[in-house]
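# Structure assessment
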Amino acid sequence: MLIAIDAMGGDNAPECNVEGALSAAAEWSDTQLVLVGDEARLEPLLKNKPSNVTVRHAGEVIGSDEEPVKAVRRKKDSSMVVAGRMVREGEADAMISSGNTGALMTTGLLVVGRMAGIERPALAPMIPTLDDVGVLALDLGANMDATPQHLVQYALMGSIYRNKVHGIAKPRVGLLNVGTEPGKGNELTKEAYPLLEALQGINFVGNVEARDVLTGNCDVLVCDGFAGNILLKTLEGTAGAMFSLLKEQFSKSLKTKLGAAILMPELRSLKGKMDYKEHGGAPLLGLSGLVVKGHGSSDGNAVKNAVRQARIALQAGLVSSISKEISGK
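This text gives an overview of the structure that appears in the document.

Quick notes on the rules
Each chain has its residues counted from 1, following the order in which its sequence is written. The predicted nature of this model means local features are confined to residues of pLDDT at least 70 and side-chain atom pairs, given and counted, to a pLDDT of 80 or more, with totals for whole chains, interfaces and linings taken over all residues. Think of the side-chain values as coming from all heavy atoms in the structure, minus any hydrogens and water. Here a helix means four or more residues in a row that DSSP labels H or I, a strand means two or more in a row labelled E, and each is numbered from the N terminus. Only C-alpha atoms enter the radius of gyration, while the globule expectation follows 2.2 Å times N to the 0.38, with N the number of residues. Burial classes follow relative accessibility: with a 1.4 Å probe on protein chains only, a residue under 20% of its type's maximum area counts as buried, one over 50% as exposed, and anything between as partly exposed. The contact criterion used is simple: two residues touch if any of their non-hydrogen atoms lie within 4.5 Å. All accessible-area figures derive from a Shrake-Rupley calculation using a 1.4 Å probe, and residue coverage is judged against the displayed protein chains alone. The positive count covers Lys and Arg only, the negative count covers Asp and Glu only, and His and the chain ends enter neither. Taken as the charge location is NZ of Lys, CZ of Arg, CG of Asp or CD of Glu. Pairing between two strands requires that DSSP report at least two bridges joining them. Axis lines are fitted through C-alpha atoms, for helices just across the contact stretch, and the angle between N-to-C directions can take any value from 0 to 180 degrees. Buriedness of a pocket was judged along seven lines, with at least five required to meet protein on both sides within 12 Å; pockets are open sets of points on a 1 Å grid over the protein atoms alone, cavities are sets where a 1.4 Å probe fits but cannot get out, and lining residues have an atom within 4 Å of a point. Grid points are joined across faces, edges and corners, and a volume is the space filled by probe spheres set on the points. A pairing counts as a salt bridge when a side-chain nitrogen of Lys or Arg comes within 4 Å of a carboxyl oxygen of Asp or Glu. Each nonpolar core is a collection of buried residues, namely Ala, Val, Leu, Ile, Met, Phe, Trp, Tyr and Cys, held together in the definition by side-chain atoms within 4.5 Å. Two rings from Phe, Tyr or Trp (for Trp, the six-membered ring) form a pair when their centres are within 6.5 Å of each other. A pair whose planes differ by under 30 degrees is stacked, one over 60 is edge-to-face, and the rest are tilted. Crossover handedness is defined here as right-handed if the route from the first strand over the helix to the second strand goes clockwise, with the strands pointing away from the viewer.

### Regarding the overall build of the protein
If you tally the helices and strands in the protein, you get 11 helices and 12 strands. In terms of C-alpha radius of gyration, the protein reaches 20 Å, essentially the compact-globule figure of 20 Å for 329 residues. In terms of principal-axis extent, the alpha carbons of the protein reach across some 65 × 60 × 35 Å. Within the span of the protein, comprising 329 residues, buried residues form 50% of the whole. In the protein, the proportion of contacts linking residues at least 24 apart, taken out of those at least 6 apart, comes to 68%. Carbon together with sulfur atoms contributes 53% to the accessible area of the protein, which is approximately 14,900 Å² in total. Here the protein holds 35 positive side-chain charges and 37 negative ones, and the gap between their average locations is 2 Å.

What follows is the structure, encoded as structure tokens:
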């Protein structure tokens, strides 16, 4: 398999992408990795380049603050757009980017192309849970608004992903809401509930409140991108604040420092549970090719894990499985 990496995307680019690619190439020699970006900046970082890593020159970069549609249409030689074109034309089986989320969504729609039967692709990251199984949540930011039918498609795509990529036989699908009763919520969730309940092929378990997400009471969480992105940023912010408070408390005295030293392995394990770097990235489900969005602050480890994630999805035939289910063919 061949995976294109947008080498210029992300806060720590291109170093993090090169580091992640080299690490992934060493672990999976059967996978070809193409770093797409400015050759003059990439080559000096690849002094000991393995045979399964190559560079594809792209002379432009889409910045994090650029308007997505304009940037994608004007910068046809940007690393992100070139990687997307490689997927569309069959030169690559998948692409990974930690760059501008809106631009990547636009690249997915305008360059890679939307899957037949899908109205809106969805961003589907994994949210860590206390039982270490995690919950796949979608949509968490690709589309701010959604219709009940969009949520139905999210539920179906998310269920297929958890089955094919994570091996869960009957993934439990929940609808993010303000209460667990069927009649709760706004017009969107009230209309979506009976549609999800009647949908064949998914294991719908009803409404799920935000406070219960981390307890792992569902495997797939369905919501519109506005509510989903607020949920994600709240969880990230809370986790960051919690670890900052712990660090402050453990640094107060010799006694607390000794306690921290004793608890350090457990604290590292706890932090690892909440670390986005361990999950690698979020697939954009509903496109005609595999596109994985890495966190903007990704380091080399996160990029490597995004490659691992893409490999598993390709081996499981994720895109074709969703396409067959949606089209009924």
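### Things to note about the sheet that holds strand β2 (residues 32-37)
In space, the seven strands of this open sheet follow the order β3-β2-β1-β4-β12-β11-β5, with mixed pairing throughout. Edge positions in the open sheet fall to β3 (53-57) and β5 (122-123), since each of these has one partner strand only. Judged from the five bridges that link them, strand β1 (residues 2-6) and β2 form a sheet pairing that is parallel. The partner of isoleucine 3 across the bridge, within β2, is leucine 33. Against the sheet, helix α5 (residues 101-112) makes contact with β4 (94-97), β5, β11 (282-285) and β12 (290-293), and its axis sits at roughly 175° relative to β12, the strand it touches most.

### With respect to the sheet that holds strand β6 (residues 126-127)
Sheet strands pair by backbone hydrogen bonding; their relative direction is either parallel or antiparallel. Spatially, the five strands line up as an open sheet ordered β6-β7-β10-β8-β9, and their pairing is mixed. Each edge of the open sheet carries a strand with a single partner, namely β6 and β9 (203-209). Bridge analysis of strand β7 (residues 135-138) against strand β10 (residues 220-222) gives three bridges, and the strand direction is parallel. Each residue of the ladder has a partner; that of alanine 137, found in β10, is leucine 221. Running at roughly 170° to strand β8 (residues 172-177), helix α7 (residues 187-198) makes contact with β8 and β9 of the sheet.

### Re empty space enclosed by the protein
Within the structure shown, the criterion is met by one cavity of 30 Å³ or more. There is about 40 Å³ of room inside the largest cavity. Met115, Leu284, Leu285, Gly286, Leu287, Gly289, Leu290, Val291, Leu318, Val319 and Ile322 are the residues that line the largest cavity. Elements with a contribution of two residues or more to the lining of the largest cavity: β11, β12 and α11 (318-327). At three residues, the largest contribution of residues to the lining of the largest cavity is made by α11.

### Some remarks on the environment of asparagine 229
Structurally, the position occupied by asparagine 229 is in helix α8 (residues 225-250). Given the relative accessible area of 22%, asparagine 229 is considered partly exposed. Distance from asparagine 229 to glycine 84, taken between C-alpha atoms, is 24 Å for residues 145 residues apart in sequence. Excluding residues within four positions of it along the chain, asparagine 229 makes contact with Leu140 and Gly141.

### A word on the pattern of salt bridges
Here the structure, examined in full by the defined rule, presents nine salt bridges. The salt bridge involving arginine 56 is made with glutamate 91; its shortest N-O contact spans 3.0 Å. Note that arginine 56 is positioned in strand β3 and glutamate 91 in the loop between α4 (79-88) and β4, a separation of 35 residues in sequence. Of the residues examined, arginine 56 reaches a relative accessible area of 31% and is grouped as partly exposed.

### A look at the nonpolar core
A general feature of soluble globular proteins is that nonpolar side chains tend to end up buried together. Membership of the largest hydrophobic core comes to 55 residues, with the highest contact counts inside it found for Leu33, Leu35 and Leu318. In terms of residue count, the dominant contributor to this core is helix α6 (residues 148-166) (nine residues). Val36, Val72, Met105 and Ala282 belong to the second-largest nonpolar core, a separate cluster that totals 26 residues.

### Some thoughts on the packing of aromatic side chains
Scanning all chains against the criterion turns up one aromatic pair. With a centroid separation of 5.1 Å and an interplanar angle of 75°, the aromatic rings of tyrosine 193 and phenylalanine 204 are classed as edge-to-face. Linking tyrosine 193 in helix α7 with phenylalanine 204 in strand β9, this pair joins segments that are 11 residues apart in sequence. With relative accessibility at 10%, the residue tyrosine 193 sits in the buried group.

### Concerning the pairing of β2
Extensive coverage of β2 is indicated by the burial of five of its six residues. After leaving β1, the chain enters helix α1 (residues 15-27) and then returns to the sheet as β2, a path that is right-handed. Relative to β3, β2 runs parallel, the two being bridged by five bridges. Within β3, the position partnered with leucine 35 by the bridge is valine 55.

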